[in-house]
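Observations on the model geometry
So the chains spell out like this:
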Amino acid sequence: MLIEYAKTTRNSTSYKGFGTGPPKGPKRYKSDDELLPKRGLTLGGGSCLMQFCCAIRLVATHLLGWSVLVGMVFCYCLNVELMKSGNGRFAFGFYGAVIFVHLSVQSFFALLEQRYTFRNPPPPNYSTDAPSKVALQISAYQEDPDYLRECLAAITKLEYPRSKLKVLLCIDGNGDDSLYMAEIFETVMAEAGLRPVFFRWDYNYHELPEDVGDDENGVRLLEQMIADNQFICLMQAWGGKREVMYTAFKALGESVEYVQVCDSDTVLDPCAMLELAWVLDTQPNSGAVGGDVQILNDGDSFISFLSSLRYWTAFNVERACQSYFGVVSCISGPLGMYRMKVVQEFLDLWSDQKFLGEVCTFGDDRHLSNRMLQLGYATKYTPRSLCLTETPATYSRWLSQQIRWSKSYFREWLFNALWWHKHHLWMVYESIVAGTFPFFVLYTTFSTDYSGNLWDFIFLLLTIQIIGLVKGFFAGIIRGDSIMLFMSFYSCLYVTSLLPGKIFAMLTIRKKGWGTSGRKTLLSNYNSLIPVVIWNSLLLYGLIRTLISNDYSRLYEVRYDVVGALAYLGFWVYMWTMWRVAVQWRLSKKSDLALESETENFSSERSDEDDEDPGEDRIRRQSPLVSTSVQSHPVSDELTKPLLGPASVEPTDRSDLEIGRESPRSLVDFRFRVNDL
């Protein structure tokens, strides 16, 4: 039964709980004048000479950025062909070579970073002797009960000294329709033998009653409760994800060294917190670190499967490469840790961020990362810290998510450019390449579609698939897994959906909202389909025009058109068949969570019957994201061998983990595999 902390005998303030305080006030944010003294961070402090050197570097880095941009545009417009077939049907241009070299270099540095990380693990005694206090903040809004329960259950199994851990579930919304999340929190924590406390607040920090002191509005009681307890559930007035994060950061203050953020649909590896804290403990120049976010429900749909591949590439190639240079552009919301002392320096700047005169409510994780970079701290990524999270399984919800992310990307790209001079030049180069690439693809697709030459259009389709295969090939080398070749499917999704979505994001960048969250009462946002429908209608019209105006008089040219079209369709049929036959059966679905309780019972019965040696006990306590056995499939045994990893017992020392080893997609999968040992 939920009992509000404010209504217990421990409350010595005049705030007596939810519904007893004065009406909340209007939203109030600090003005630009109040934040202005903290904004003068472009050149940093120090002597005049240091500021002069910083100014020189600022100019030099931006000149480099412009040089990269002009160079890319020049290569694209010049259209220099490095190789060309005798009949002129096939060509490899200079811009294509630039993209190939970029992917190669990016993959090379990503591999170096992964090798270094896996070869420098925390010492064996670190799980019991970790010196730093850490607070884990979970943001929740109308979360699916199954996901929330799985998230909290994983938190109770974290391998971190309990005396140095604080857990804070922050629920965005204090209405009765959100009480079920607090009840789940109380149940899960109690089952784990922990003491949860519950605080239902009438307000949030930006909507406090006017002319009322902290003793009456609950602020003092809230901060006292968080200081005195370890496992806390807080419900507050709705304000968005950034608002609940701000409440946790502000109430915690500097009572902990680090704060880890997590989403309510995320299942943490038991060693996730440990691995993140190890990076910050051993690298004092790093202000934030993120981990490897994998997909929990990659089997729910083809969209979620492609998202799982995209996630892996984004983290283990792109961010691993950025981490090599200490410039990770976004510490992802499901799994990230920050130095709390540094966060307090820019907390109000972050929470009261404005863009085009409007207060920003989304892109909280990317802006947190940018603020760390602003102060000159490195941002890192470690593949040793793992988690599973939910991804949209329907097209409309996935598109809404991508549009929301694109909004924050374009907004933060401009902010990020202000701090290029404080970090490695790779930050400049990659920002230009990643920021301009969509526009090159957009123009190429549109102009080719309306060129009137059918072969140009077919060759464009083939080129899109080849680029996807090349990216999948490099990612597959790092992962050691041929499943990454399915990234070629994502290329088509990028052109048909993400490109118009990015343009739509730029046009609606001031629109706010939780986007894809609020899964319990989710209403699909079909507005995101508008740009996709318009874009694909234009492409269809251009294709029809090209089909009509194409010259069919030359038989050998028509043969190329037919062969190219059949090759493209054949590739799709082959890859789709391989996905259905060899891949789909081994993916995880949301319905797998229903097996959780049954599996736990089976595991406990098995452990009672067997004599376990210390090595096997260590395997059981290891990460639920580490594969320990291999299944076989009569139809697809050859393909699945590289997908599932070697058929051997996992080494008991985490330092021996191989780069790219495949991980099971759910805790259920892990437990069944452990029992198979």
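You'll find the structure just up there.
Residues numbered from 1 in each chain as written. Predicted model: local features only at pLDDT ≥ 70, side-chain atom pairs only at ≥ 80, totals over all residues. Heavy atoms only, no water.

**Here we look at the overall build of the protein**
Selection rule: To qualify as a helix, a DSSP run of H or I must reach at least 4 residues; to qualify as a strand, a run of E must reach at least 2; elements of each kind are numbered from the N terminus. Burial status follows relative accessibility: with a 1.4 Å probe on protein chains alone, a residue under 20% of its type maximum counts as buried, one over 50% as exposed, and anything between as partly exposed. In what follows, residue pairs with any heavy atoms lying within 4.5 Å of each other are defined as contacts. In these tables, accessible area is a Shrake-Rupley quantity obtained with a 1.4 Å probe, and a residue counts as shielded only by the protein chains included in the view.
Tallying secondary structure elements over the protein gives 23 helices and 13 strands in all. Relative to its 677 residues, the protein shows a buried fraction of 55%. Taking the intrachain contacts of the protein between residues at least 6 apart in sequence as the baseline, contacts between residues at least 24 apart amount to 84%. Approximately 28,900 Å² of the protein is accessible, and the part contributed by carbon and sulfur atoms is 60%.

**Quick notes on the pattern of salt bridges**
Side-chain pairing between opposite charges can occur once the charged atoms of the two side chains come close. Operational definition: Criterion for a salt bridge: a side-chain nitrogen of Lys or Arg within 4 Å of a carboxyl oxygen of Asp or Glu.
Applying the stated criterion across every chain yields a total of 14 salt bridges. For aspartate 263, the salt bridge goes to lysine 241, with nearest N and O atoms at 2.9 Å. One end of the pair, aspartate 263, is in strand β7 (residues 258-263); the other, lysine 241, is in helix α9 (residues 241-252), and 22 residues separate them in sequence. Accessibility assignment for this pair places aspartate 263 and lysine 241 in one class, buried.

**Let's talk about the pairing of strand β10 (residues 336-339)**
Our working definition: In this scheme, strands are said to pair when DSSP sees at least two bridges between them.
Burial of β10 is two-sided: the residues Gly336 and Tyr338 facing one way and the residues Met337 and Arg339 facing the other way are all buried. Pairing geometry for strand β9 (residues 286-295) and β10, over 3 bridges, is antiparallel. Its bridge partner lying in β10, alanine 288 is registered against tyrosine 338.

**Some remarks on the packing of aromatic side chains**
Two numbers describe a pair of aromatic rings. These are the distance of the centres and the angle of the planes. Stated formally: Centres within 6.5 Å make a pair out of two Phe, Tyr or Trp rings, where for Trp the six-membered ring is used; the pair is then stacked when the planes are under 30 degrees apart, edge-to-face when over 60, and tilted otherwise.
Per the stated rule, a full pass over the model turns up 41 aromatic pairs. For the ring pair phenylalanine 305 and tryptophan 579, a centre distance of 5.9 Å and an interplane angle of 40 degrees mean the geometry is tilted. Residue phenylalanine 305 is found in helix α11 (residues 302-324), and its partner tryptophan 579 is found in helix α19 (residues 555-583); the two are separated by 274 residues along the sequence. The rings of Phe302, Phe305, Phe486, Phe489, Trp572, Trp576 and Trp579 are connected pair by pair, giving a single aromatic cluster.

**What about empty space enclosed by the protein?**
How we decide: Grid spacing is 1 Å over the protein atoms alone, the probe is 1.4 Å, and a cavity is where that probe fits but cannot get out, while a pocket is an open set with protein on both sides within 12 Å along at least five of seven lines and lining residues have an atom within 4 Å of a point. Grid points are joined across faces, edges and corners, and a volume is the space filled by probe spheres set on the points. Note that Gly is not counted as nonpolar here; it falls among the polar residues with everything else outside the nonpolar set of Ala, Val, Leu, Ile, Met, Phe, Trp, Tyr, Cys and Pro and the charged set of Asp, Glu, Lys and Arg.
On inspection of all chains with the given rule, the structure shows 6 cavities of 30 Å³ or more. Estimates place the volume of the second largest cavity at around 70 Å³. Considering the residues around the second largest cavity, the lining is formed by 11 residues, among which Glu358, Val359, Cys360, Ile509 and Arg510 are closest to the centre. The residue makeup of the lining of the second largest cavity, split by class, is 5 nonpolar, 1 polar and 5 charged.

**Re the environment of leucine 538**
Relative to the helices and strands, leucine 538 resides in helix α18 (residues 529-549). Take leucine 538: its relative accessible area is 36%, and that puts it in the partly exposed class. Here the alpha-carbon distance between leucine 538 and tyrosine 450, two residues 88 residues apart in the chain, equals 9.5 Å. The residues contacting leucine 538, other than those within four sequence positions of it, are Phe446, Asp449 and Tyr450.

**Some points on the sheet that holds strand β13 (residues 378-389)**
In any sheet, the strands associate via hydrogen bonds between backbone groups, in a parallel or an antiparallel arrangement. Put simply, the test is: Only the contacting stretch of a helix is used when fitting its axis, a line to C-alpha atoms as for every element, and angles between N-to-C directions run 0 to 180 degrees.
On the basis of which strands lie adjacent, the open sheet formed by 9 strands has the order β5-β6-β4-β3-β7-β10-β9-β13-β8 and mixed pairing. Edge positions in the sheet fall to β5 (196-200) and β8 (266-268), since each has one partner strand and no second. Direction aside, neighbouring strands of the sheet carry axes that sit 25 degrees apart on average. Where β8 meets β13, 3 bridges bridge the pair, whose relative direction is antiparallel. Residue pairing for β13: valine 267 is matched across the bridge by leucine 388. The strands touched by helix α8 (residues 219-228) within the sheet are β4 (165-172), β5 and β6 (231-236), with β5 carrying the most contacts at an inclination of about 165 degrees. Across the sheet, helix α10 (residues 272-282) is in contact with β3 (134-140), β4, β7, β8, β9, β10 and β13; its angle to β13 comes to roughly 175 degrees.

Remember, this is a structural readout, not a statement about activity or role.
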